[in-house]
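Below, each chain spelled out in residue letters.
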Amino acid sequence: MPTLLNIVVLDDTGAISFASEPARTSGLADAIVDHMKGAGAGKRISATTYKDEPHVVLATPTADDMTAVVVHREDKSSTLVDFILSVDIAFDILNHFLTNPFEGITVVDQDSVLRYLSPVHERFFGHARGDAVGRPVQDVIENTRLHIVAKTGTPEIGQVQEMRNVARVVNRVPILRDGQLVGAIGRVMFKAPEEVHELSRQISSLRAEVDYYKKELAGLRHRAFGLEEIVGESDAIRQLKEEIRKVAPLDVPVFISGESGSGKELVAHAIHNLSRRVERPMVVLNCGALPSTLVESELFGYEAGAFTGARREGRSGKFEMADRSSLFLDEIGDMPMETQIKLLRVVENGVFERVGSNRARTTNFRLISATNRDLRRMISEEAFRADLYFRINGVTLYVPPLRERSGDIPLLVRHFVQRVSQRIGSPVRRIHPLALQMLQGLSWPGNVRQLHHEVQRAMIFADGSELTLANFRSLEDEAEHHQAPPPVNSSATIRETVGNVEHALIREALERHSGNKKRAAEELGISRSYLYKKLAEISQRP
Ligand SMILES: Nc1ncnc2c1ncn2[C@@H]1O[C@H](COP(=O)(O)OP(=O)(O)OP(=O)(O)O)[C@@H](O)[C@H]1O
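Residues numbered from 1 in each chain as written. Predicted model: local features only at pLDDT ≥ 70, side-chain atom pairs only at ≥ 80, totals over all residues.

For the protein chain, an unreviewed UniProt entry supplies the name Transcriptional regulator with PAS, ATPase and Fis domain and the organism Pseudochelatococcus lubricantis.

Here's the deal with the site of the ligand
Residues in close proximity to the ligand total 18 residues, the closest being Val-231, Gly-263, Lys-264, Glu-265 and Val-448. When residues of the shell around the ligand are traced back to their parent elements, those giving at least two are helix 10 (264-273), helix 16 (409-424) and helix 18 (447-461). Among the residues making up the shell around the ligand, the classes are represented as five nonpolar, nine polar and four charged. Summarising the domain contributions, the shell around the ligand has at least three residues from each of domain 3 (199-399) and domain 4 (403-540). (Near = placed C-beta within 6 Å. Helix = DSSP H or I, 4+ residues; strand = E, 2+ residues; numbered from the N terminus. Nonpolar A, V, L, I, M, F, W, Y, C, P; charged D, E, K, R; others polar. Domains from an automatic or database assignment.)

Observations regarding the sheet that holds strand 6 (residues 103-109)
The strand order 7-6-10-9-8 describes an open sheet built from five strands, whose pairing is antiparallel. Strands with a single pairing partner mark the edges of an open sheet, and in this sheet they are strand 7 (114-117) and strand 8 (156-163). Strand-to-strand twist in this sheet, taken as the mean axis angle between neighbours without regard to direction, amounts to 25°. Across seven bridges, the pairing between strand 6 and strand 10 (residues 180-189) is antiparallel. Bridge assignment links Val-107 to a residue of strand 10, and that residue is Ile-185. (Pairing = 2+ DSSP bridges. Axes fitted to C-alpha atoms, helices over the stretch in contact; angles between N-to-C directions.)

Quick word on the environment of Pro-336
Position of Pro-336 relative to the elements: it lies in the loop between strand 15 (326-330) and helix 13 (337-349). For Pro-336, a count of 14 C-beta atoms within 10 Å puts it in the partly exposed group. In this view, Pro-336 contacts Ser-292 and Val-295; residues no more than four positions away in its chain are not counted. (Buried ≥ 20, exposed ≤ 12 C-beta atoms within 10 Å, placed from the backbone. Contact = placed C-beta atoms within 7 Å.)

Quick look at helix 11 (residues 292-300)
Among the residues of helix 11, those classed as buried are Val-295, Ser-297, Glu-298, Leu-299 and Phe-300. Remark: Gly-301 follows helix 11 within two positions and exhibits a positive phi of approximately 75°.

Quick look at the packing of helix 16 against helix 18
Two elements in contact, helix 16 and helix 18, have axes whose closest approach is 9 Å; the angle formed by their N-to-C orientations is 50°. Judged by the inter-axis angle, helix 16 sits oblique to helix 18. As helix 16 runs across helix 18, the sense of the crossing is right-handed. On helix 18, the residues touching Ile-409, Leu-412, Val-413, Phe-416, Val-417, Val-420, Ser-421 and Ile-424 of helix 16 are Val-448, Leu-451, His-452, Val-455, Gln-456, Met-459 and Ile-460. Looking at the contact of helix 16 with helix 18, its residues break down into 12 nonpolar, three polar and no charged. (Parallel < 35°, antiparallel > 145°, perpendicular 65-115°, else oblique. Left-handed = near helix turned anticlockwise from the far one by under 90°.)

What to know about the pairing of strand 7
Pairing between strand 6 and strand 7: three bridges, direction antiparallel. Bridge assignment links Val-107 to a residue of strand 7, and that residue is Tyr-116. Between the end of strand 6 and the start of strand 7, which pair antiparallel, lie four residues, with Ser-112 showing a positive phi angle near 65°.

Here we look at the packing of helix 16 against helix 17 (residues 433-440)
The contact between helix 16 and helix 17 brings their axes to 10 Å, and the two run at 115°. Here the hand of the crossing between helix 16 and helix 17 comes out right-handed. Along its contact with helix 16, which presents Ile-409, Pro-410 and Val-413, the element helix 17 presents Leu-436, Leu-439 and Gln-440. Looking at the contact of helix 16 with helix 17 residue by residue, the class counts come to five nonpolar, one polar and no charged.

This is the structure in structure tokens:
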């Protein structure tokens, strides 16, 4: 049977109009009459002592000028009673916590059912008043962990939670009654004051920085750095390797141009590794991967307390780290104009200051830079400084796009097949000549990086030990549209060209096997039904 509540209703003179049985029989109702005339007068929430025990008194005015009073017995050491006894405006404070426009409160019970959501939070999620109450909290609040806290009882303080693409700082705290977990409460800052905006901006910056370093690290793990890593036997690649061999030992700045994914970073590593500075690791900064505000502090480093969010002990920048080594500035075309002029000064005389410091420091690095952008055009559009351009390109190396060296594709594909199968344990060992031929006919706007990704994707989904045309279906549309000259007939599309090559291979195989279709299909690595389909096509051709 549920415990009966102590409820008393007082009329407009303060006399008892109704009292629940426990309140009446215990004498508490009479004590409440006195209390509401004395210390509790005019208060929505107050505390009193009855028979030596503290009680919390909640008084609510009703429409007919009566007052409904609910009385709850508390522990002797109740902080709530202490609070109510010491603070006259206790009710207003509690009310404020629940409706605070700057801080949303979410309460869940131990089953993770939402019991309360403050109005500001409801508005943020687009719920009508009270609508979300009663639903599992995970269905209402994006990325919540309150259900976990309500189960584990472990508080989570100062965590960042993304809600509707905004990062907010939240506290999640378990609620205990008599030492038992009964739910959890979450608090999140809304309409934050300036500092929280600043905090959220810093978090975004730091995330970008972390992502950047993760990528860098992943790159470093998978990369060996010598000339042998540059796969290719085409004239263009042979010439490029020759140029690298010549330029690397000369301590001049090198500028590498070429389309995205064509292998500029590989070239930079090879130059460094063939240079006299090889003893120290090359320092890399991708100017395009960092927010422009971070490029400068990354390059120059900063002093303790240089800006909000700076580390207390300060930090050295890439210029310092690259001293007596090489500095590779990737995507230099993305460097902000104001940083360009500062870089020019460092490249000219090796002197720089950390952000927030006047102390001149010196450094001696060899600059290797790269971009896929047209720097000359950027200069004419005043988006890149001409003086910096002339400083950075003591020597220019050009990495040709993959479509201009499609003869390298077989070697590259074999290289990637070997690498990927080692990494993911794929059974694929080779590629069918038709598939290779199709790949050689594509225009590869994403260059070697794209080829690598395509081979990897095909290998992930391949069943057997050989990649076939079917594993590259997604590229066929591209094959139809691209502009690269097909190897057989210059007016045919790639699909037609691939079709022609297929037909030719089938005819040859049939000839070799004196018309035996089973053996021809086996040799070509295709099914007999596919062979019949192709033969039907051949017979319909003029
Ligand atoms: N000749 C090559 N031999 C082997 N792998 C290559 C070759 N060229 C590029 N790659 C691979 O292709 C991917 C892209 O190369 P890289 O990062 O050097 O290109 P990038 O021109 O610097 O690209 P971005 O301009 O986008 O920075 C890397 O995984 C790299 O190892």
